[in-house]
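Close look at the chain arrangement
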Amino acid sequence: MSETAQLKIGDKTYDLPVIEGTEGEKAIDISKLRDQSGYVTLDIGYKNTGATKSAITFLDGEVGILKYRGYSIEQLAENSSFIEVAYLLIYGNLPTAEQLQAFEFEISHHTLVHEDMKKFFDGFPSGSHPMGQLSSLIGALAAFNPASLKPGLTAEEVNLEIIKLIAKMSTIVSWIYKKSLGHPVIYPRNKLDYVTNFMYMTFGQRTEDTEIDPVVVSAMNKLLILHADHEQNCSTSTVRIVGSSDANLYASISAGISALWGPLHGGANQAVVEMLQQIKEDGGDTDKWIAKAKDKNDPFRLMGFGHRVYKNFDPRAKIIKKACDDILEKLGINDETLEIAKKLEEVALNDPYFVERKLYPNVDFYSGIIYTALGFPTDMFTVLFALGRLPGWIAQWKEMKANKEPIGRPRQVYVGETNREYTDIKKR
Ligand code: ACO
């Protein structure tokens, strides 16, 4: 017999179905509660609310487990490529060699972006934030691609938009970087794999013989894989909720990019490196900065520390810390901020303030150091996060559509003024 939970309000008892996920997670289904009782549930920040049933990503924050479609993040980061993981997230299974080849081939044939988009892109002032540029450009792709707005797209047509978006995203991200330098954009070389092509368009010269270091490509693949999905976080929930209004794919992803921008979410990777830089310039006294983070009268927070769901450790942070050591060694870079980061981590992990609140380094604590080593400026970090998160957003958008989920529309508990009489402006 299926389990039920009972809720007693006054002298009435309501039976609520208990739902169990495939990893044993349990949830109380309150979707009919308001109709039955007139009550809504209140959960500011959705800290304990499941908004959907999803088969894409599983994470257990208490023990530090992250899996995409049932595969551990450790195995994927070690063995897979970003584009293979994108396929896995979007289509549900690891591709065969032929499927992967066909996927790469199709993507590589959509990397060009409409030349008229450049006119609009040129209008951004130099120095404008890359995330503002990215969200506008991705939203604009729909306007430059009217076929994507046709009502009732078939599954094949939707799939074509997905392919186009993955392809054009890497070109657009590289444009944004080139613009920040005042350099001309580099057109894609479609013989290269996705990540190598991206690094070529970003760091290559306009010559045919530019080589991109495989060490750099491998580090970039790993970073993108680690960011590829993270179930119902702020930006992903944004993508799903915007998509639930039947907004097109580009509009939904553009909204997700805006949500990711915030320093409490994807913007944290930029904030971490700026913080480490600040600590370095201040003399590197980590104890002083730990004390500031603990001081409730000081707005300073240890960026890259703490996570809404990981309360033991963030498995991505472990992989990234190791990758960070490896890449810096391979590239022969001695980065003082890495030493400061490690010292901060050590002090914080032994400090009761952080231990009691279960605050551990998150994915962003070390990723910025790798991006710096690869040559990216700090304000590009969140854009790179978006590039990595794109397949996850797409998979979640696609799943939301396939499930025919209703438009997202939370309730509220109104706490404002009740009945007031309008008074003439002269009498106020
Ligand atoms: N430094 C110092 N104290 C912290 C930190 C931190 N980084 N994070 C949380 N705390 C403290 C809070 O002050 C609070 O203390 P209190 O209970 O005494 O009031 C307690 O820990 C709980 O913090 P909340 O903000 O309630 O936790 P929440 O789950 O809402 O927030 C968040 C999680 C936003 C990630 C938070 O830990 C934070 O701001 N971290 C820094 C920013 C960051 O690294 N964000 C990236 C997240 S990962 C990602 O988006 C990819």
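See above for the structure.
Procedures and definitions
- Residues numbered from 1 in each chain as written.
- Predicted model: local features only at pLDDT ≥ 70, side-chain atom pairs only at ≥ 80, totals over all residues.
- Heavy atoms only, no water.
- Helix = DSSP H or I, 4+ residues; strand = E, 2+ residues; numbered from the N terminus.
- Expected span 1.5 Å × (residues − 1).
- Buried < 20%, exposed > 50% of the residue type's maximum accessible area, 1.4 Å probe, protein only.
- Arc of directions from axis to C-beta.
- Contact = heavy atoms within 4.5 Å.
- Near = heavy atom within 4 Å.
- Polar contact = N/O pair within 3.5 Å; in protein donor to acceptor, adjacent residues only side chain to side chain.
- Areas by Shrake-Rupley, 256 points an atom, 1.4 Å probe, with all protein chains shown as cover.
- Nonpolar A, V, L, I, M, F, W, Y, C, P; charged D, E, K, R; others polar.
- Salt bridge = Lys/Arg side-chain N within 4 Å of Asp/Glu carboxyl O.
- Pairing = 2+ DSSP bridges.
- Axes fitted to C-alpha atoms, helices over the stretch in contact; angles between N-to-C directions.
- Phe/Tyr/Trp six-rings, centres within 6.5 Å; stacked < 30°, edge-to-face > 60°.
- Lys NZ or Arg CZ within 6 Å of the ring centre and 35° of its normal.

Glancing now at helix α15 (residues 336-349). With 14 residues, α15 should cover 20 Å at 1.5 Å per step; its first-to-last C-alpha distance of 20 Å lies within 8% of that length. Taken together, the buried positions of α15 are occupied by T337, L338, I340, A341, L344, E345 and A348. The buried residues of α15 all sit within an arc of 160° when viewed along its axis, so they share a single face. Where the residues of α15 are buried, they touch α12 (268-281), α13 (286-294), α14 (315-330), α16 (352-356) and α17 (364-374).

In the vicinity of the ligand, 22 residues are found, and the nearest of them are K296, R301, L302, G304 and Y353. Take Y353: an N or O atom from its side chain is 2.9 Å from a nitrogen atom of the ligand. Against a free-state accessible area of 920 Å², the protein chains account for coverage of 77% of the ligand. Grouping the amino acids of the shell around the ligand by side-chain chemistry returns ten nonpolar, five polar and seven charged.

A few words on the pattern of salt bridges. As enumerated under the stated definition, the model contains 18 salt bridges in all. For E3, the salt bridge identified is with K26, shortest N-O distance 3.0 Å. Taken together, the residues E3 in the segment before β1 (4-9) and K26 in strand β3 (residues 26-28) connect sequence positions 23 residues apart. Judged by relative accessible area, which is 42%, E3 ranks as partly exposed.

Ordered by their spatial adjacency, three strands build an open sheet running β1-β2-β3, and the pairing between neighbours is antiparallel. Each of the sheet's edge strands pairs with one partner strand only, and the pair in question is β1 and β3. Pairs of neighbouring strands in the sheet enclose a mean axial angle of 30°, with direction left out of account. Where strand β2 (residues 12-20) meets β3, three bridges bridge the pair, whose relative direction is antiparallel. Bridging across to β3, V18 finds its partner in I28.

With that settled, the discussion passes to the environment of K292. Mapped onto the elements of the fold, K292 is located in helix α13. Sequence separation between K292 and H230 is 62 residues, and the spatial gap between their C-alpha atoms is 30 Å. Setting aside residues no more than four positions away along its own chain, K292 makes contact with D298 and F300. Reaching out from K292, the side chain makes a polar contact with the side chain of D298 at a distance of 3.0 Å.

Following the criterion strictly, the structure yields 17 aromatic pairs and no others. Ring plane angle 55° and centroid distance 4.7 Å describe the contact between Y87 and Y91, whose orientation is recorded as tilted. You can see Y87 and its partner Y91 sitting in helix α3 (residues 82-91), four residues apart, about one turn around the helix. Relative accessible area serves as the criterion here: at 28%, Y91 is assigned to the partly exposed category. Centroid distance F120 to F124: 5.8 Å. Interplanar angle 45°. Geometry classified as tilted. Here F124 falls in the buried class, since its relative accessible area comes to 17%. What links up through ring pairs into an aromatic cluster is the set Y177, F198, F203, Y371, F376 and F381. Over the aromatic face of Y200 sits the side chain of R189, whose NZ or CZ is 4.8 Å from the ring centroid.

Tracing the chain through its elements places S235 in helix α10 (residues 234-243). Looking at S235, its side chain comes within polar contact range of the side chain of H265, at 2.9 Å.

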